[in-house]
Amino acid sequence: MTRPAARGGSRTSADRLARLLNLVPYLLARPGIEIAEAAGDLGVTERQLREDLELLWVCGLPGYGPGDLIDMAFDGDRVTITYDAGIDRPLRLTPDEALALVVALRMLAETPGVANREAVERALAKIENAAGDLVGAPVAVRLPGDTQRVEALRSAVEGGRALRITYYTAARDETSERTIDPLRMLMVGGQAYVEAWCRRAEAVRLFRADRIDAVTELDEPAVVPPQARPHDLTGGVFRPSPDLPLITLRVGRGERWITEYYPCERVEAGDGDQWLVSLRVTDLGWARRFVLGLGPDVTVVAPAELADQVRAQALAALEAYGTPVDGAAPSTDPAVRAVTQ
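These numbers were taken from a predicted model, which means no experiment stands behind them.

Chemist: Would you explain the sheet that holds strand β7 (residues 203-208) in this entry?
Modeler: Each strand in a sheet pairs with its neighbour through backbone hydrogen bonds, running either in the same direction (parallel) or in the opposite one (antiparallel). Read across the open sheet, the 5 strands follow the order β7-β6-β5-β4-β8; overall the sheet is antiparallel. Among the strands making up the open sheet, the edge pair consists of β7 and β8 (212-221). Pairs of neighbouring strands in the sheet enclose a mean axial angle of 45°, with direction left out of account. Two elements, strand β4 (residues 161-169) and β8, share 6 bridges in a ladder whose sense is antiparallel. By the bridge assignment, Thr166 is partnered in β8 with Ala214.

Chemist: What exactly am I supposed to notice about the environment of Pro242 here?
Modeler: Examined against the element boundaries, Pro242 turns out to sit in the loop between β8 and β9 (246-251). The exposure class assigned to Pro242 is exposed, which follows from its relative accessible area of 72%. The sequence separation of Pro242 and Arg280 amounts to 38 residues, and the corresponding C-alpha distance is 8.0 Å.

Chemist: What's the story with the pattern of salt bridges in this structure? I'm lost.
Modeler: Two side chains that carry opposite charge are able to pair once their charged atoms sit near each other. Under the definition given, this model contains 12 salt bridges. The partner of Arg161 in a salt bridge is Asp219, and the shortest N-O contact between them spans 3.2 Å. Of the two residues, Arg161 is situated in strand β4 and Asp219 in strand β8; the sequence distance between them amounts to 58 residues. Take Arg161: its relative accessible area is 22%, and that puts it in the partly exposed class. By relative accessible area, which is 76% here, Asp219 ends up exposed.

Chemist: Explanation requested: a nonpolar patch on the surface in the structure shown.
Modeler: On the surface, a nonpolar cluster with roughly 290 Å² of combined accessible area is contributed by Trp57, Val58 and Phe74. A relative accessible area of 39% places Phe74 in the partly exposed class.

Chemist: I'm lost on the sheet that holds strand β3 (residues 78-83) in this one. Help?
Modeler: Strand order across the open sheet formed by 3 strands is β1-β3-β2, with antiparallel pairing between neighbours. Looking along the sheet, the strands with just one partner apiece sit at the ends: β1 (33-34) and β2 (71-75). Note that β1 and β3 share 2 bridges and pair antiparallel. Looking across to β3, one finds that Ile33 is bridged to Val79.

Chemist: Is there a simple way to think about helix α3 (residues 46-56) in this case?
Modeler: Listing the buried residues of α3 in full gives Leu49, Asp52, Leu53 and Leu56. The arc enclosing the buried residues of α3, seen along the axis, measures out at 100°, which places them on a common side. Relative to its buried face, α3 has exposed residues pointing more than 90 degrees away, namely Arg47 and Glu54.

Chemist: Explain the packing of helix α9 (residues 284-294) against helix α10 (residues 304-322) to me, please; I cannot follow it from the model alone.
Modeler: In helix packing, the relevant descriptors are the interaxial angle and the interaxial distance, both defined with respect to the helix axes. Closest axis-to-axis distance for the α9/α10 pair is 10 Å, and the angle between their directions is 55°. One finds that α9 runs oblique with respect to α10. In this structure, the crossing between α9 and α10 has a hand that is right-handed. Two secondary-structure elements touch here, α9 through Leu284, Ala287, Arg288, Val291 and Leu292 and α10 through Glu305, Leu306, Gln309, Val310, Gln313 and Ala314.

Chemist: Before we go on, may I ask you to explain the packing of helix α2 (residues 35-42) against α3 in this structure?
Modeler: Where α2 meets α3, the closest approach of the two axes is 9 Å, and the angle between their N-to-C directions is 100°. Between α2 and α3, the angle is such that the two are roughly perpendicular. Of α3, the residues touching α2 (which contributes Ile35, Ala36, Ala38, Ala39 and Leu42) are Glu46, Leu49, Arg50 and Leu53. Partitioned by chemical class, the residues of the contact of α2 with α3 number 7 nonpolar, no polar and 2 charged.

Chemist: In this structure, what is going on with the side chain of Asp52? I would like to understand it.
Modeler: Structurally, the position occupied by Asp52 is in helix α3. For Asp52, the residues in contact, after removing those within four places along its chain, are Arg16, Arg19, Leu20 and Leu23.

What counts, and where the lines are drawn
- Residues numbered from 1 in each chain as written.
- Predicted model: local features only at pLDDT ≥ 70, side-chain atom pairs only at ≥ 80, totals over all residues.
- Heavy atoms only, no water.
- Pairing = 2+ DSSP bridges.
- Helix = DSSP H or I, 4+ residues; strand = E, 2+ residues; numbered from the N terminus.
- Axes fitted to C-alpha atoms, helices over the stretch in contact; angles between N-to-C directions.
- Buried < 20%, exposed > 50% of the residue type's maximum accessible area, 1.4 Å probe, protein only.
- Salt bridge = Lys/Arg side-chain N within 4 Å of Asp/Glu carboxyl O.
- Patch = residues over 30% accessible without salt bridge, like charges linked within 9 Å, V, L, I, M, F, W, Y side chains within 5 Å.
- Areas by Shrake-Rupley, 256 points an atom, 1.4 Å probe, with all protein chains shown as cover.
- Arc of directions from axis to C-beta.
- Parallel < 35°, antiparallel > 145°, perpendicular 65-115°, else oblique.
- Left-handed = near helix turned anticlockwise from the far one by under 90°.
- Contact = heavy atoms within 4.5 Å.
- Nonpolar A, V, L, I, M, F, W, Y, C, P; charged D, E, K, R; others polar.

Structural data, given as structure tokens:
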């Protein structure tokens, strides 16, 4: 019996690699086997098996000299492996490899927006059955965040229902009520999102699951306008563009991490250990909170408006430390007095 040809070059290559890894130990256990018989056992044509054997001629150990390559002898239509280059047993997963594979597949099955989850679960079941003794106890995997909320969002997406949500917008530091028509669930940068048509904004928006404070499934179907199009998220959720505000910061060694975490337009070496970092932001309100959270090793270079906002809020915070509450005397804590002086 012959197998139908696999679709797609990557799938064909993966099948062939797995077959080659098992071919050498198979032939070692059956010296002098007829090629026709081997092809039948392996589920391939004689032509494919001969092509695999030709490829094995150039496989072996690093160095790849004549004495390092797999060698075999042919006697008519019979073949015998004479040097196996160390591939003397079928490929088997170690306990750590089996566990890692099970965890990865379980994580994939739990990831919002994964297409054809049934196929993932079938593959997982096969591997768990085959590697049950290696893995041991069943493995439970849960994504970070509110699992119940993610499941409620996923259920609404799969059921095609509209939602009413209470959502915190970090860029503006505000909470709002919205009615949305879900398009899909997806995972970006380790965070679960629901992409939906927002009736308030009249546009497609991304809502991070952990910033949805409340969700109610409405007794009405989701109605997505024809002009609604999913976002291209290949480059991440935030897509810097020239129309967004550009800020420039002078950062010390301890804050250089922002150049790896945020998309920056320019990074230049400054005096000593300092760097000049320029990046786009959604708005200056978000930038103000961002800078204040970084600490004293950061200075706003531009724009001046952002520097004024940061200075004003920092001074207001310092004044709050020195203002008595309900007639109480000023704090005697030396640390607080030092900050306000």
